[in-house]
Amino acid sequence: MIRTDKTGLGHNFPPRHPKQPGTNLTVSEIPAARIYREPKSVMQGGSRKRPWVLEFPASRPLSADPLTGWTRNDDPFRHVRLNFPNRESAVAFAERQDWDYQVR
């Protein structure tokens, strides 16, 4: 597709990288997600199924808010934690979102 600028002359603009919904980050700036199964607690017994978890590692450090002194975080993926019943569904979700991932 050829877009025209203000002068009316045609110009081929370079392709834009898609932005991640809800953020100002491009897809290449998203950290690789971790997919793992939660370990069984020492206090747990029986054969309860443990879910598979998809989460992102912290990519930015926590900082103190200068006004209130409270700890703040501007990392949009730090709080993302999704549970899945099996490994295949977690991997399929990450692939549908075009996220890089590591299975542990």
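Relevant structure appears above.
Residues numbered from 1 in each chain as written. Predicted model: local features only at pLDDT ≥ 70, side-chain atom pairs only at ≥ 80, totals over all residues. Heavy atoms only, no water.

Caption draft 1: Looking closely at the sheet that holds strand 7 (residues 81–84). Spatial ordering of the open sheet is given by 7-4-3-8, a layout of four strands whose pairing is mixed. Every interior strand has two partners, whereas the edge strands, strand 7 and strand 8 (101–103), have only one. Strand-to-strand twist across the sheet, computed as the mean angle between neighbouring axes with direction ignored, equals 20°. (Pairing = 2+ DSSP bridges. Helix = DSSP H or I, 4+ residues; strand = E, 2+ residues; numbered from the N terminus. Axes fitted to C-alpha atoms, helices over the stretch in contact; angles between N-to-C directions.)

Caption draft 2: Structural context of the pattern of salt bridges. One pass over the full model with this rule turns up four salt bridges. Members of the salt-bridge network, linked through shared partners, are R34, E38, E55 and R81. (Salt bridge = Lys/Arg side-chain N within 4 Å of Asp/Glu carboxyl O.)

Caption draft 3: Looking closely at the environment of R60. The topology assignment puts R60 in the loop between strand 4 (52–55) and strand 5 (63–64). Residue classification places R60 among the partly exposed positions, given a relative accessible area of 32%. Taking C-alpha positions, R60 is 5.9 Å from D75, a pair spaced 15 residues apart along the chain. (Buried < 20%, exposed > 50% of the residue type's maximum accessible area, 1.4 Å probe, protein only.)

Caption draft 4: Quick peek at the nonpolar core. Ranked by internal contacts, the top residues of the largest apolar core, which has 13 residues, are I30, I35, L54, F56, F84, F93 and W99. Those elements that provide at least two residues to this core are strand 3 (33–37), strand 4 and helix 1 (87–96). Per element, the largest residue contribution to this core is four residues, and it comes from helix 1. Among residues more than four places away in sequence, those in contact with F84 are P51, W52, L54, S89, A90 and F93. (Core = buried A, V, L, I, M, F, W, Y, C linked by side-chain atoms within 4.5 Å. Contact = heavy atoms within 4.5 Å.)

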